[in-house]
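Overview (structure and organization)
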Amino acid sequence: MAPGNGESEAERVSALKASAWDGRVAAYRESPTHREGDDLDLVVAWCEAAPGVTALDVAAGGGHVARRLRELGCTVTTCDAAAGMEPDVVCAAESLPFDDDAVDVVVCRLAAHHFDDAGAAVREMARVSRRLVVIEDGLHVDERVEEAERLRDPTHVRSYTRDAWTRLLADARLEVLCEAALPKRHPMEHWLSCTGCVGEVARCVRDLLRHVTEPGGDVWVDSKLVVKAVKLRDG
């Protein structure tokens, strides 16, 4: 059946994905993985936060980056496709309703693997930024991990390798200034519960992640890539 009211299939799927997040608000606001960590500290530092700096937090989720930037004096606008996350602006990362060069820095943390078109999202971030773009996301490990991610959370689209990220940033005319890959430990029970993954599906996810799980099975580990890039100007 075709989507009604002129809605495309892509828009319908995007809306369904966004609505899935409305029931996860509390879990992600309280999640230690998202609320704290060396990776969050680095993202905030690389945004060059200071009084008078303007920032856009794309796919802001629980608002952890925005909170930290505001504490340092930044003026921050949040946006997210999920209205339940209560962002300042509800929108997809691939279509940001902001002017060119609207803010000093655009930041996106732990969200790009959910984007239907990561390349379009990065190009939009570059367009809206006057100078800096700071992005963090999980690095691609292998297809077993990708399958586990999708089973645990059907809104997961894909994680990318470092080389893929280099291409995405270059295509958006962003020059990498700094990058770091940081290990991230995920307590298995909490990670599964955030998306309501239980029963046989949870058992399949655990099995798929066995090769990246610490002895005892309580924690699995991946790496988060943090990149700070500057917007290139023509001429």
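Each chain carries its own residue numbering, running from 1 in the written order of its sequence. Totals for whole chains, interfaces and linings use every residue, but because this is a predicted model, local features are given only for residues with pLDDT of at least 70 and side-chain atom pairs only at 80 or more, for both listing and counting. Only heavy atoms go into the side-chain values, all of them from the structure, while hydrogens and water stay out.

**Comments concerning the pairing of strand β7 (residues 219-231)**
Looking down a regular strand, the side chains alternate between one sheet face and the other. Burial of β7 is extensive: 11 of the 13 residues sit out of reach of the surface. Judged from the 7 bridges that link them, strand β5 (residues 129-138) and β7 form a sheet pairing that is antiparallel. When the sheet's bridge partners are listed, Asp 137 is paired in β7 with Leu 225. Pairing between two strands requires that DSSP report at least two bridges joining them. Helix and strand assignments come from DSSP, with helices taken as H or I runs of at least 4 residues and strands as E runs of at least 2, each series counted from the N terminus. The sheet contact formed by strand β6 (residues 174-187) and β7 spans 13 bridges and is antiparallel. Residue pairing in the sheet places Arg 185 in a bridge with Val 221 of β7. For every residue, the accessible area (1.4 Å probe, protein chains only) is compared with the maximum for its type, and the residue is labelled buried under 20%, exposed over 50%, or partly exposed between those bounds.

**Side note on the environment of Glu 189**
Assignment of secondary structure puts Glu 189 in helix α9 (residues 188-193). Distance from Glu 189 to Val 219, taken between C-alpha atoms, is 8.3 Å for residues 30 residues apart in sequence.

**Regarding the side chain of Thr 155**
By secondary structure assignment, the location of Thr 155 is in the loop between α7 (143-152) and α8 (162-171). For Thr 155, a relative accessible area of 4% translates into the label buried. A distance of 2.8 Å separates polar atoms of two side chains, one belonging to Thr 155 and the other to Asp 153. N or O atoms within 3.5 Å of each other form a polar contact, as long as, within protein, one can give a hydrogen and the other can take it, and as long as residues adjacent in sequence are counted only when both atoms are side-chain atoms.

**Focus on empty space enclosed by the protein**
Points on a 1 Å grid over protein atoms alone make up a cavity when a 1.4 Å probe fits among them but cannot get out, and a pocket when they form an open set with protein on both sides within 12 Å along at least five of seven lines; lining residues each have an atom within 4 Å of a point. Grid points are joined across faces, edges and corners, and a volume is the space filled by probe spheres set on the points. As enumerated under the stated definition, the model contains 1 cavity of 30 Å³ or more in all. Roughly 30 Å³ of internal volume is contained in the largest cavity. In terms of lining residues, the largest cavity is bounded by Arg 162, Trp 165, Thr 166, Leu 169, Val 176, Glu 179, Leu 225 and Val 227. Those elements that provide at least two residues to the lining of the largest cavity are α8, β6 and β7. Considering every element that reaches the lining of the largest cavity, the biggest residue donor is α8, with 4 residues. A per-class count over the lining of the largest cavity returns 5 nonpolar, 1 polar and 2 charged. Residues are sorted three ways: Asp, Glu, Lys and Arg are charged, Ala, Val, Leu, Ile, Met, Phe, Trp, Tyr, Cys and Pro are nonpolar, and all the rest, Gly among them, are polar.

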